[in-house]
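Examination of the molecular architecture
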Amino acid sequence: MTEGHTVVLGGGCAGLAAAWRLGKRGISVVLVEASDHVGGLAGGVQFGGNVYEYGPHIFHTTDAELLAEIKELMGDDLLPYKRTIQIKFLGGYFKFPLSMTEVFFKLSPWTLVRAAASFLYHFTVGALSRPSVENTETVLQRYYGDVLYRIFFKDYIERVWGIPPSEFSPSFARQRIPRLNVLEIFDKFATLFWKKARGGLRTEGYVEKTEGGLYTTREGFSMITKRLGERLVQTGCEFRLNTRVQKILREGDRVIAVSLTSQGKSETLPCAAVINTTPINECTLSFSPSLGAGIDQAARSLRFRALVFVGIRVCRPQVLPASFMYFREHVFNRITDLSHFSFDIDPPGSTLLIAEVSCDPQDAVWRDEIGVKEAVIEDLERESILDRSEIEETVVFRAQHAHPIYTLGHEDALQSVLKGLGMLENFETAGRQGRFQYVNTHVAMKMGYEAADHLIERMV
Ligand SMILES: Cc1cc2nc3c(=O)[nH]c(=O)nc-3n(C[C@H](O)[C@H](O)[C@H](O)COP(=O)(O)OP(=O)(O)OC[C@H]3O[C@@H](n4cnc5c(N)ncnc54)[C@H](O)[C@@H]3O)c2cc1C
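Each residue is numbered by its place in its chain's sequence as written, counting from 1. Reporting of local features is limited, given that this is a predicted model, to residues whose pLDDT is at least 70; pairs of side-chain atoms are given and counted only at 80 or more, and all residues count toward the totals for whole chains, interfaces and linings.

All the domain ranges listed were derived from an automatic or database domain assignment. Under the domain assignment, the chain is made up of domain 1 (6-37 + 222-302 + 408-459), domain 2 (99-206) and domain 3 (304-404). Each partner contributes residues to the interface: domain 1 has four residues there, and domain 2 has six residues. Broken down by class, the residue content of the side of domain 1 that touches domain 2 amounts to two nonpolar, one polar and one charged. Think of it this way: build a C-beta for each residue from its backbone, and any pair within 7 Å is a contact. All amino acids are sorted into three groups, where Ala, Val, Leu, Ile, Met, Phe, Trp, Tyr, Cys and Pro are nonpolar, Asp, Glu, Lys and Arg are charged, and the leftover types, Gly among them, are polar.

Turning our eyes to something else, we now look at the sheet that holds strand β13 (residues 265-270). Here, a strand pair is defined by DSSP locating no fewer than two bridges between the strands. In this description a helix means any DSSP run of H or I spanning at least four residues, a strand means any run of E spanning at least two, and both kinds are numbered starting from the N terminus. An order of β13-β12-β11-β15 is seen for the four strands of this open sheet, with the pairing classed as mixed. A strand with exactly one partner marks an edge of an open sheet, and here the two such strands are β13 and β15 (287-288). Summarising the sheet, strand β11 (residues 243-251) and β15 pair through two bridges and their orientation is parallel. Counted as the bridge partner of Leu-249 is Ser-288 from β15.

Let us look at the packing of helix α2 (residues 64-74) against helix α9 (residues 222-234). Fitting a line to C-alpha atoms yields each axis, with helices limited to the stretch in contact; the angle taken between N-to-C directions then spans 0 to 180 degrees. One way to put it is that α2 packs onto α9 with a least axis distance of 10 Å and a crossing angle of 80°. By the angle between their axes, α2 is roughly perpendicular relative to α9. Contacts between α2 and α9 involve Ile-70, Leu-73 and Met-74 from the first element and Ile-224, Arg-227, Leu-228 and Arg-231 from the second. Broken down by class, the residue content of the contact of α2 with α9 amounts to five nonpolar, no polar and two charged. Should an angle lie under 35 degrees it is considered roughly parallel, over 145 roughly antiparallel, and from 65 to 115 roughly perpendicular; all remaining angles are considered oblique.

Assignment of secondary structure puts Arg-231 in helix α9. Taking the C-alpha atoms as reference points, Arg-231 and Trp-20, separated by 211 residues in sequence, lie 8.3 Å from one another.

Moving on to the site of the ligand. Nearness rests on one distance test: the residue's C-beta atom, set from the backbone, must lie within 6 Å of the molecule or strand. Near the ligand lie 35 residues; those nearest to it are Gly-10, Gly-12, Gly-40, Gly-55 and Gly-431. Secondary structure elements with two or more residues in the shell around the ligand: α1 (13-24), β11, β20 (391-404), α15 (431-434) and α16 (441-459). Of the residues that constitute the shell around the ligand, the class distribution is 14 nonpolar, 16 polar and five charged.

We now examine the pairing of strand β18 (residues 334-337). Labels follow a simple rule on C-beta atoms placed from the backbone: if 20 or more others lie within 10 Å of a residue's own, it is buried; if 12 or fewer, it is exposed; otherwise it is partly exposed. Judged by which residues are buried, β18 turns out to be covered on both faces: Arg-334 and Thr-336 on one side and Ile-335 and Asp-337 on the other are all buried. When strand β17 (residues 324-326) meets β18, the two strands line up antiparallel, connected through three bridges. Counterpart to Met-325 in the pairing with β18 is Ile-335. Two elements, β18 and strand β19 (residues 351-359), share four bridges in a ladder whose sense is antiparallel. By the bridge assignment, Thr-336 is partnered in β19 with Ile-354.

This part is about the environment of Gly-252. Topologically, Gly-252 is positioned in the loop between β11 and β12 (254-262). Judged by the 9 C-beta atoms lying within 10 Å of it, Gly-252 falls in the exposed class. Residues Gly-252 and Gly-40, spaced 212 residues apart in sequence, show a C-alpha to C-alpha distance of 31 Å.

With that settled, the discussion passes to the nonpolar core. Nonpolar cores are identified as sets of buried Ala, Val, Leu, Ile, Met, Phe, Trp, Tyr and Cys residues joined via C-beta atoms within 7 Å. Counting 95 residues, the largest nonpolar core has Ala-18, Ala-19, Val-274 and Ala-355 as the members making the most contacts within it. Two domains each donate at least three residues to this core, and these are domain 1 (6-37 + 222-302 + 408-459) and domain 3 (304-404). Excluding residues that lie within four positions of it along the chain, Ala-18 makes contacts with Val-8, Ile-275, Thr-277, Ala-430, Gly-448, Ala-451 and Ala-452. One finds Leu-107, Phe-119, Phe-153 and Phe-172 within the second-largest nonpolar core, a separate group that totals 18 residues.

Bringing the packing of α1 against α9 into the picture now. Two elements in contact, α1 and α9, have axes separated by 10 Å at closest approach and are oriented at 30°. In terms of orientation, α1 lies roughly parallel with respect to α9. Crossing angle aside, the handedness with which α1 passes α9 is left-handed. For the pair formed by α1 and α9, the contact residues are Cys-13, Leu-16, Ala-19, Trp-20 and Gly-23 on the first element and Thr-225, Leu-228, Gly-229 and Leu-232 on the second. What makes a crossing left-handed is the near helix being turned counterclockwise from the far one by less than a right angle; a clockwise turn instead makes it right-handed.

Written out as structure tokens, the structure reads:
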């Protein structure tokens, strides 16, 4: 490999994994991270005696190699975890994944008849012809019928993502929401009437898809990223925290340096190679000279949805009946109770709630800390979840690049950007932000490994 450091941009799961892989191959790594700690979205915010997580996060993977590495890293600190989810629909709470029996008994007979008729209509029409332009709405109507689509998906998607499903790429529905086929429906009805009831509608892809066993730690996911950071220091990785990459400097098809700023000071760091895990749109636009007007324009069209988190410490051991609860009529779309996660919460006998508010950075809610706190507390009281007199501490924190937004046509823009970046000999991009993909931590880490492996292959 060429002399000099390999620079990893971003210290989330993907960046840490890339640096880990490179370090194991004896490659000298400098990791640049804008925040004062590593972990990115899987990190968390230290406040008082507790870590408030972005989410929070559960570790899960079916990848044997990665699971073995994380088990070796964490030892007895990795704890099995059982997730429970409730979703509020039509004034009632549904367990998730949705159980056919529950849907059957909680929806009114009239709604069930309409749902069955609309499912059969859309299923038949969809089998005979496809609309000339597909989007998430047309796909979900075909999967579920218009009635169930409107009840379970339309408003929720619009609230979380800020755009209606009709402006969403069909790939969002295809990748994230499994199809409910007619044979499955017959099977479910047969199960319901003639056999012992079992299973639920296959809707697990609607929220974060989980694969393999679920794990947590007494300090949440951030304990994993913190431990990984410590391991990297032991292997000689140099960390530049509180440091932002401003420019990526190139000569022809080679990256030669990155320009960094830290606490008002600028520095140009020459490098042998770069692995990027920061948001792909910003990274692409930071090249000097630019990668070209067409690529820059494509990068500008890729957008992320932001989340504001309101963390609340409550003087009660547990507040919610499930680990995660989803709502559509409140300012928050999801709320989590960390007491369900085996967390050590300080002081004992209290719990942490984390409410997630979807927005764009130009929305008032993004900046208005007092307003968003008050709106969340009012909604919690309205839902009879808690009384404000029980609240001991609140903290507001933010993730500007929480979810890539799969707008119509984003695939072409992404391909154009990836093609442009792929021309560079000593550059790789990886992770949820770096590849604009709605993936979980284990996939982001595998992407980090793969980026390191590609770089090693290309550079030797
Ligand atoms: C609310 C929520 C809940 C989730 N729950 C789960 C879960 O339970 N389980 C799971 O497996 N996954 C979950 N995920 C997905 C998971 O968070 C991501 O897959 C993973 O954290 C992505 O890691 P990453 O390294 O690709 O990106 P990130 O974690 O975003 O890391 C990117 C890093 O780059 C840094 N950065 C950005 N710009 C610059 C710059 N200019 N200079 C220097 N540094 C910069 C950022 O500070 C950040 O640390 C969840 C995601 C969200 C939003």
